[in-house]
Amino acid sequence: MKSGFTGQLDSTKFKSIVRYGIMDTQAQSAQSDEPPPQARLNVLKQFSPSGRGFWSDVADADWNNWRWQLKHRITTLEQLVRLMPTLTPEEYAGTKLANHKLALAITPHFFNLIDPADENCPIRRQVIPRVEETHTAAWEMSDPCGEDSHSPVPGLVHRYPDRVLFLVTDRCAAYCRYCTRSRLVSNATGYDFHPEFDKQIAYIAQHPEVRDVLLSGGDPLLFSDEKLEVLLTRLRAIPHLEFIRIGTRIPIFLPQRITPELCAMLKQFHPLFISIHSNHPRELTTEVREALGCLADAGIPLGNQTVLLKHVNDDATVMRAQMQKLLLCRVKPYYLYQCDLIAGSAHLRASVRQGLAIMEQLRGHTTGYGVPTYVIDAPGGGGKVPVSPEYVLSRNADRVVIRNYEGKIFEYPEAADGTPTFPAPVEIAAPDLV
Ligand code: SF4
């Protein structure tokens, strides 16, 4: 055992090291949680349709029409009380105040996923306002990611060197109560967001370092096919722009919007990626799976962003089901976000400690493709910072000591400066050539 290994490990326990192999030590007890019961996981992973609920007499052609869904969103306290008499006093008061902070809007499709008998329904908590939204902690902000201070022109955020965020609208199909852009989406606060596409596109055209643009908002897929096609065509005409992404929650809130016509239009603009936003396995209905399949069949790589939310998905089994179900929908889990410090979101914010514990239960316990990167968007505009359970126990110039998902400890020789760690064999026998 070389000196220089420091930290958590008792050096007497390294005696059984097999080079590059497992060290059998009693110190390997990092994983205390048992795997979650398979039965619960299987239930969470089942695909079901959203159902018709209160809209059972609506014609199929209407129900499956995205414009009908938008027109029939639940947007008022009166509608909500009528459809959900089990509204709690906190929800009632929150909904009354919502139009001064972030509007209420829920599509019939998404509303049907709410369990009205369950006050802590994970779908309900995401879209029904609560009075706690009016409580602001000292560390919370209206623009927690510092987007406004990184906007060279209205609606364009240039925070990272080679890519920009292009906000196209302040409207969404439904409004998430923890939205990091609630200062502007829905215009409940009077932010009065007016993107100017000419200026946004001109900025990108004048900055050859920008090779990647993320269209977001609000939700870009609320645009008509024609309007979106014009915008994508203008962006594709910029020679140095390599890569276009669309951030959207439409496939989850409004899967009816993902029509064959939309997919055929989008596939003209490859390489085009789509990042969806889904937080709970119940959101991944049969309709959503079909919509995502349609996008995937158009050759669009799909990633998902999940926000870690208290009483929604701050549970290792729920999160594992979510990630595995996304893979079944042909979506790669991309980011797990620590909830931003948006004003009035404390009741939805799970701890970083819990986020790390969940990551610990994903890495190694399920398919690597199903493990997202857990990030904190650094408050005030520092960008995304990955946070991870600690797998490197110690390292020096010669060795790295690591642990795996089972808590077993391994030693790996460091290849500093390309210098072989061990002397090469004196002579290497030439192979017999035939
Ligand atoms: S869909 Fe996105 S932009 Fe719209 S409210 Fe939800 S988090 Fe905010």
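Attention now goes to the site of the ligand. Cys 172, Tyr 175, Cys 176, Cys 179, Gly 218, Arg 249 and His 277 make up every residue found near the ligand. Residue composition of the shell around the ligand, grouped by class: 4 nonpolar, 2 polar and 1 charged.

All right, on to the sheet that holds strand 4 (residues 212–216) then. Taken in spatial order, the 9 strands of this open sheet run 2-3-4-5-6-7-8-9-10, and their pairing is mixed. Of all the strands in the sheet, just strand 2 (156–160) and strand 10 (383–386) have a single pairing partner and so form its edges. With strand direction ignored, the average angle separating the axes of adjacent strands in the sheet is 30°. Both strand 7 (residues 302–308) and strand 8 (residues 332–338) contribute to a ladder of 6 bridges, which runs parallel. The partner of Val 307 across the bridge, within strand 8, is Tyr 337. Its contacts with the sheet put helix 14 (residues 352–362) on strand 7, strand 8 and strand 9 (373–378), and the angle it makes with strand 9 is roughly 160°.

Taking 1.5 Å as the rise per residue, helix 9 (residues 225–236) with 12 residues should run 16 Å; its terminal C-alpha atoms sit 16 Å apart, in good agreement. Burial in helix 9 covers these residues: Asp 225, Leu 228, Leu 231, Leu 232 and Leu 235. Looking straight down helix 9, one finds its buried side chains confined to an arc of 135°; they lie on one side. For helix 9, exposure combined with an orientation more than 90 degrees from the buried face picks out Glu 226 and Val 230. On its buried side, helix 9 packs onto strand 3 (163–167), helix 8 (197–205), strand 4, strand 5 (243–248), helix 11 (260–266) and strand 6 (272–277).

If you look at the biggest cluster of nonpolar residues, it comprises 91 residues, and the most contacted ones within it are Phe 166, Ile 204, Leu 235 and Leu 266. Per element, the largest residue contribution to this core is 5 residues, and it comes from helix 12 (residues 286–297). What Leu 235 contacts, discounting residues up to four positions off in sequence, is Phe 166, Ile 201, Ile 204, Val 213, Leu 215, Leu 241 and Ile 244. With 13 residues, the next largest nonpolar core counts Ala 105, Val 157, Cys 179 and Leu 184 among its residues.

The next subject is the pattern of salt bridges. A side chain of one charge can pair with a side chain of the opposite charge when the charged atoms of the two come close. Considering all chains together, one arrives at 24 salt bridges under this definition. The partner of Asp 148 in a salt bridge is Arg 183, with the nearest N and O atoms 3.0 Å apart. Of the two residues, Asp 148 sits in the loop between helix 7 (124–127) and strand 2 while Arg 183 sits in the loop between strand 3 and helix 8, which places them 35 residues apart along the sequence. Look at Asp 148 and you get partly exposed, because its relative accessible area is 34%. The salt bridge partner of Glu 283 is Arg 249, with a shortest N-O separation of 3.1 Å. Here Arg 249 lies in the loop between strand 5 and helix 10 (250–253) and Glu 283 lies in the loop between strand 6 and helix 12, a separation of 34 residues in the sequence.

Definitions and limits used
- Residues numbered from 1 in each chain as written.
- Predicted model: local features only at pLDDT ≥ 70, side-chain atom pairs only at ≥ 80, totals over all residues.
- Heavy atoms only, no water.
- Near = heavy atom within 4 Å.
- Nonpolar A, V, L, I, M, F, W, Y, C, P; charged D, E, K, R; others polar.
- Pairing = 2+ DSSP bridges.
- Helix = DSSP H or I, 4+ residues; strand = E, 2+ residues; numbered from the N terminus.
- Axes fitted to C-alpha atoms, helices over the stretch in contact; angles between N-to-C directions.
- Contact = heavy atoms within 4.5 Å.
- Expected span 1.5 Å × (residues − 1).
- Buried < 20%, exposed > 50% of the residue type's maximum accessible area, 1.4 Å probe, protein only.
- Arc of directions from axis to C-beta.
- Core = buried A, V, L, I, M, F, W, Y, C linked by side-chain atoms within 4.5 Å.
- Salt bridge = Lys/Arg side-chain N within 4 Å of Asp/Glu carboxyl O.

Function cannot be read off these values alone, since they describe shape.
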